[in-house]
Amino acid sequence: MENYLQYIYDSSIFILKGSILTVQLYFVTIVFSIPLGIILALMKISKYKFLKLSIGFYTWVFRGTPLLLQLFFTYYGLSIFGINLPPFTAAALTFVINYSAYLTEIYRAGIESIDKGQYEAAKALNMNYYQTMKRIILPQVVRRTIPPTCNEAINLVKDTALVVIIGMGDLLRSAKELFSRDFAVTPFIIAAVIYLLMTSVIVFFFKKIEVKYSIYE
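Residues numbered from 1 in each chain as written. Predicted model: local features only at pLDDT ≥ 70, side-chain atom pairs only at ≥ 80, totals over all residues. Heavy atoms only, no water.

Asker: What should I look at first to understand the overall build of the chain in this one?
Answerer: If you tally the helices and strands in the chain, you get eight helices and zero strands. Its helices and strands taken in sequence order, the chain reads α-α-α-α-α-α-α-α from the N to the C terminus. With 217 residues in all, the chain has 38% of them scored as buried. For the chain, long-range pairs separated by at least 24 residues make up 76% of all intrachain contacts whose partners lie at least 6 apart in sequence. Total accessible area on the chain is roughly 12,700 Å²; 68% of this is exposed by carbon and sulfur atoms. Each charge class in the chain was averaged separately, 20 positive and 13 negative side chains, and the resulting centres sit 11 Å apart. (Helix = DSSP H or I, 4+ residues; strand = E, 2+ residues; numbered from the N terminus. Buried < 20%, exposed > 50% of the residue type's maximum accessible area, 1.4 Å probe, protein only. Contact = heavy atoms within 4.5 Å. Areas by Shrake-Rupley, 256 points an atom, 1.4 Å probe, with all protein chains shown as cover. Lys, Arg positive; Asp, Glu negative; His and termini not counted. Charge placed at Lys NZ, Arg CZ, Asp CG, Glu CD.)

Pasting the structure below:
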């Protein structure tokens, strides 16, 4: 029993080392994709047809093709054109572009769900477009889009496992290495527990945000 507990401890430490890359990739994607998604959503609802069509094409392509294929293209495909990206850079770029496409549509729908009367009320108060968005529209959009954004944030935790195909040593790969060495299912159970803990933290974080922005409902 003591040996098995020691094995669990050693395996957990080894897998947690692999999870460092998973966490790094996760935070890079979140930090860049959320603001980019908001900016692109605002561009998509603009009065400029070229912007609307361009962003529409972008979201159509990156939501309509598998993330795995996009990762292959960024890491292997771009090398044909002489662009050789390090594995982490290729993965981060792919994930940011992919998740920004999904978040763009989420925030675009959120903005368009706001009653038009609120824009007119802001105009009557002599607010410009920037002030209207910052003080009235976007706080409500944040509140309304918390659930779908949370879902995407949870999906991101699981999608990071795809980086194993370009040779990156993430959480899941570490567990797989232990499984191949010891032929025991314990490493996969440990990995599952770590994934569950990560997603639980994310849900807790978004619950806090939901409470904070509940005043806008």
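The rest of the description comes next.
Asker: Looking at this model, I keep getting lost on the pattern of salt bridges. Mind explaining?
Answerer: Side chains that carry opposite charge are capable of pairing whenever their charged atoms lie near each other. Applying the stated criterion across every chain yields a total of six salt bridges. Across the salt bridge formed by Arg173 and Glu177, the nearest N and O atoms sit 3.5 Å from each other. Placement of the pair is Arg173 and Glu177 together in helix 7 (residues 171-182), with a separation of four residues, close to one helical turn. Since its relative accessible area comes to 27%, Arg173 is described here as partly exposed. A single network of salt bridges, built from pairs that share partners, joins Lys44, Glu105, Arg108 and Glu112. (Salt bridge = Lys/Arg side-chain N within 4 Å of Asp/Glu carboxyl O.)

Asker: Even after reading the chapter, I still don't get the environment of Ile166, so can you show me in this structure?
Answerer: Among the structural elements, Ile166 can be located in the loop between helix 6 (129-159) and helix 7. It is 46 Å that separates the C-alpha atoms of Ile166 and Asp115, two residues lying 51 residues apart in sequence. With residues up to four places along the chain from it excluded, the contact list for Ile166 reads Leu71, Tyr75, Tyr76, Pro87 and Ala91.

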